[in-house]
Amino acid sequence: MTGARRGATGGHKNIGCFMKHVAAGLGAGLLALSLTALPSFAAPSATELFFDTPYLLQVAPGTTLDYRYKHKSTEERLGESFDETMAMDVTADPQDASGRVADVEITRGTRESEAGPFPSMKGNPIALVLLEREVREMAQLTKGSPFYLRNRLREHLASAAVEPASFEFDGRKVEGWRMTMVPFAEDPNRDKLAELVGRRYEFLFSDAVPGGLYSIDVVTPKADGSSNIIETSLTLTGARAPAAKEAGGGTP
């Protein structure tokens, strides 16, 4: 799902409104007509949100999308905790100027690595960076097959629950969609996954944020649910336009 070149790091639910009116005469008829003319609103499916929307086509070539990545584990056996920044550079596809190519630069302290290039595609490739890390981490902790884990994640990404959501971005409230899943809760091999069976994923999407995807939060609770043993988050912190980058500024 990703490729590192240098360094050491590496789902339609309809939201409808049934309107009832009790009235007689012409006025009530006109009211009913006006109400039926109102549009209905439907939530996108998880497949549309994650796989089918070409988010990067709405991003001007030369733009950099900045993300904060945080990984916290409570026990040494679960791996180290760390923070990173991820800068996704979006450029025009050299083979098709209407397309996009994304490269991700990853910085952890003084260490740097890269993921990509990701050619013109649907979805937001920064999600693939996080999910591939998820696969590697779970495979290491459970000694399981990364191919099995990757396929299970992909299946559940296509059938995850979607609901309306509001959140803050760049100092303003935006409307979007929350997509959630617990992909291993009913897995036939859940006994081999130990605490990871409760791992929960939450994605926030909105057309109002650059790149469409605002955040991904992944939590693994203890078996008794008392606290989390692993927490991972990826959050969009801003976008830098080409001119802003040249001037050394932009949204932090």
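Rules behind the numbers
Residues numbered from 1 in each chain as written. Predicted model: local features only at pLDDT ≥ 70, side-chain atom pairs only at ≥ 80, totals over all residues. Heavy atoms only, no water. Salt bridge = Lys/Arg side-chain N within 4 Å of Asp/Glu carboxyl O. Helix = DSSP H or I, 4+ residues; strand = E, 2+ residues; numbered from the N terminus. Core = buried A, V, L, I, M, F, W, Y, C linked by side-chain atoms within 4.5 Å. Buried < 20%, exposed > 50% of the residue type's maximum accessible area, 1.4 Å probe, protein only. Contact = heavy atoms within 4.5 Å. Polar contact = N/O pair within 3.5 Å; in protein donor to acceptor, adjacent residues only side chain to side chain. Axes fitted to C-alpha atoms, helices over the stretch in contact; angles between N-to-C directions. Parallel < 35°, antiparallel > 145°, perpendicular 65-115°, else oblique. Left-handed = near helix turned anticlockwise from the far one by under 90°. Nonpolar A, V, L, I, M, F, W, Y, C, P; charged D, E, K, R; others polar. Expected span 1.5 Å × (residues − 1). Arc of directions from axis to C-beta. Pairing = 2+ DSSP bridges. Phe/Tyr/Trp six-rings, centres within 6.5 Å; stacked < 30°, edge-to-face > 60°. Lys NZ or Arg CZ within 6 Å of the ring centre and 35° of its normal. pLDDT = per-residue confidence, 0-100.

**Focus: the pattern of salt bridges**
Here is step 1: Within the structure shown, the criterion is met by 15 salt bridges.
Here is step 2: Note that Lys70 is salt-bridged to Asp83, the shortest N-O span being 3.1 Å. Highlighted residues: Lys70 in strand S3 (residues 63-73) and Asp83 in strand S4 (residues 82-93), separated in sequence by 13 residues.
Here is step 3: Among the ionic pairs, Glu132 bridges to Arg150, the shortest N-O distance being 2.9 Å.

**Quick notes on the nonpolar core**
Here is step 1: Residues Phe50, Met86, Val104, Met179 and Phe203 are the most contacted members of the largest nonpolar core, which totals 54 residues.
Here is step 2: No other element matches the nine residues that helix H3 (residues 125-142) contributes to this core.
Here is step 3: Ignoring anything within four residues of it in the chain, the contact list for Phe203 reads Phe50, Leu157, Trp177, Arg178, Met179, Met181, Leu213, Ser215 and Ile216.

**Thoughts on the side chain of Glu84**
Here is step 1: Of note, Glu84 is situated in strand S4.
Here is step 2: In terms of polar contacts, Glu84 uses its side chain to reach the side chain of Arg133, at 2.7 Å.

**Observations regarding the packing of H3 against helix H4 (residues 146-157)**
Here is step 1: Look at H3 against H4: their axes get within 9 Å of each other, and the N-to-C directions meet at 135 degrees. Relative to H4, the element H3 lies oblique. Both H3 and H4 take part in a crossing whose hand is right-handed. The segment H3 lies against H4, with Leu131, Glu132, Val135, Met138 and Ala139 engaging Pro146, Leu149, Arg150, Leu153 and Leu157.
Here is step 2: Residue composition of the contact of H3 with H4, by class: eight nonpolar, no polar and two charged.

**Quick look at H4**
Here is step 1: The first and last C-alpha atoms of H4 sit 16 Å apart over 12 residues, in line with the 16 Å expected at 1.5 Å per residue.
Here is step 2: Those residues of H4 not exposed but buried are Leu149, Arg152, Leu153 and Leu157. Within H4, the buried residues cover an arc of 135 degrees as seen down the axis, which keeps them to one side. Across H4 from its buried face, at more than 90 degrees, point the exposed residues Phe147 and Arg154.
Here is step 3: Elements that come into contact with the buried residues of H4 comprise helix H2 (46-52), H3, strand S8 (172-181) and strand S9 (200-205).
Here is step 4: For H4, the side-chain oxygen to backbone nitrogen distance between the N-cap and Phe147 is 3.2 Å, and the N-cap itself is Ser145.

**Looking at the pairing of strand S7 (residues 161-169)**
The side chains of a regular strand alternate between the sheet's two faces.
Here is step 1: Alignment of S7 against S8, held across nine bridges, turns out to be antiparallel. Within S8, the residue paired with Glu163 across the bridge is Arg178.
Here is step 2: What sits between the antiparallel neighbours S7 and S8 is a turn of two residues, in which Asp170 has the positive phi angle 55 degrees.

**Comments concerning the packing of aromatic side chains**
Here is step 1: Throughout the structure, instances matching the rule amount to seven aromatic pairs.
Here is step 2: Judged by centre distance (5.7 Å) and plane angle (80 degrees), the rings of Phe50 and Phe203 are edge-to-face. One end of the pair, Phe50, is in helix H2; the other, Phe203, is in strand S9, and 153 residues separate them in sequence.
Here is step 3: Judged by its relative accessible area of 7%, Phe50 falls in the buried class.
Here is step 4: Since its relative accessible area comes to 0%, Phe203 is described here as buried.
Here is step 5: Taken together, Phe50, Phe51, Tyr55, Phe203 and Phe205 form an aromatic cluster joined through their ring pairs.
Here is step 6: Positioned over the ring face of Phe82 is Arg108, at 3.6 Å from the centre of the ring.
Here is step 7: Just above the ring of Tyr148 sits the side chain of Arg152; from NZ or CZ to the centre is 4.6 Å.

**Thoughts on the confidence of the model for the chain**
Here is step 1: Of all residues in the chain, 80% attain a pLDDT of 70 or more, and the chain-wide mean is 83.
Here is step 2: Per-element mean pLDDT across the chain ranges from 34 in strand S1 (residues 14-15) up to 98 in S9.
Here is step 3: Low confidence marks residues 1-40, where pLDDT is under 50. Its contacts with residues over four positions away, or in another chain, come to 63 contacts.

**Some thoughts on the pairing of strand S11 (residues 228-240)**
Here is step 1: Where S3 meets S11, 10 bridges bridge the pair, whose relative direction is antiparallel. Looking at the pairing, Lys72 lines up with Glu231 of S11.
Here is step 2: Relative to S11, strand S10 (residues 213-221) runs antiparallel, the two being bridged by seven bridges. Opposite Ile216, over in S11, you have Leu234 as the bridge partner.
Here is step 3: Between S10 and S11, which follow one another and run antiparallel, lie six residues, and Gly225 among them has a positive phi close to 75 degrees.

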